[in-house]
Amino acid sequence: AEQERDKNGLELEKLRSKWDDVNNTLVLAEQERDRNGLLSQSLQSQLGDVNNTVESQRREIETLELRNLEISEKLSSLQNTINTIQPSENTINHSIVSENTMKEGETLSNTMKEGETLSNTM
């Protein structure tokens, strides 16, 4: 009976040691779970920040695209105005050339009259 008692005592000590090991493993697992939970919360928060940044940049890109479209429309309008003015400018330049040609003809005519007057005077 004493041997049985001693044997049972040793078996009980082994079981208590295993229980302590299991209990320590459980405590470590709970600590790991808590750390993972905090890490998960932190990552969720960071993901939210990234999503907010992406959404903000998407809206900014849309705004810039609309602004570029407005600028393109204004440039097109300005080009149309230039195309409208260009023929008028060419007509004005042609008129100036014609006027200068007429003045040169008038000057030549006056010179010929002065030559005729000089010839008559002689």
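Structure shown above.
Trainee: Is there a simple way to explain the overall build of the protein chain in this structure?
Mentor: Within the protein chain, the secondary structure is distributed over one helix and zero strands. Over its C-alpha atoms the protein chain spans a radius of gyration of 51 Å, topping by over 25% the 14 Å that the globule rule assigns to 122 residues. Taken along the three principal axes of its C-alpha coordinates, the protein chain extends 175 × 25 × 15 Å. Within the protein chain, buried positions represent 0% of all 122 residues. Within the protein chain, one finds 13 positive and 23 negative side-chain charges whose respective centroids are separated by 11 Å.

Trainee: Is there a simple way to think about a nonpolar patch on the surface in this case?
Mentor: A surface patch of nonpolar side chains, amounting to about 280 Å² of accessible area, comprises Ile71, Leu75 and Leu78. A relative accessible area of 52% means that leucine 78 is categorised as exposed.

Trainee: Please clarify how the pattern of salt bridges should be interpreted in this entry.
Mentor: Pairing between side chains of opposite charge can happen when their charged atoms approach one another. Across all of its chains, the model carries eight salt bridges by this definition. Notably, a salt bridge pairs glutamate 70 with arginine 67, separated by 3.3 Å at the nearest N-O pair. Highlighted residues: glutamate 70 and arginine 67, both in helix H1 (residues 2-121), separated by three residues, approximately one helical turn. Each of Glu55, Arg58, Arg59 and Glu62 takes part in one network of salt bridges that share partners.

Calculation criteria
- Residues numbered from 1 in each chain as written.
- Predicted model: local features only at pLDDT ≥ 70, side-chain atom pairs only at ≥ 80, totals over all residues.
- Heavy atoms only, no water.
- Helix = DSSP H or I, 4+ residues; strand = E, 2+ residues; numbered from the N terminus.
- Rg over C-alpha atoms; globule rule 2.2 N^0.38 Å.
- Buried < 20%, exposed > 50% of the residue type's maximum accessible area, 1.4 Å probe, protein only.
- Lys, Arg positive; Asp, Glu negative; His and termini not counted.
- Charge placed at Lys NZ, Arg CZ, Asp CG, Glu CD.
- Patch = residues over 30% accessible without salt bridge, like charges linked within 9 Å, V, L, I, M, F, W, Y side chains within 5 Å.
- Areas by Shrake-Rupley, 256 points an atom, 1.4 Å probe, with all protein chains shown as cover.
- Salt bridge = Lys/Arg side-chain N within 4 Å of Asp/Glu carboxyl O.

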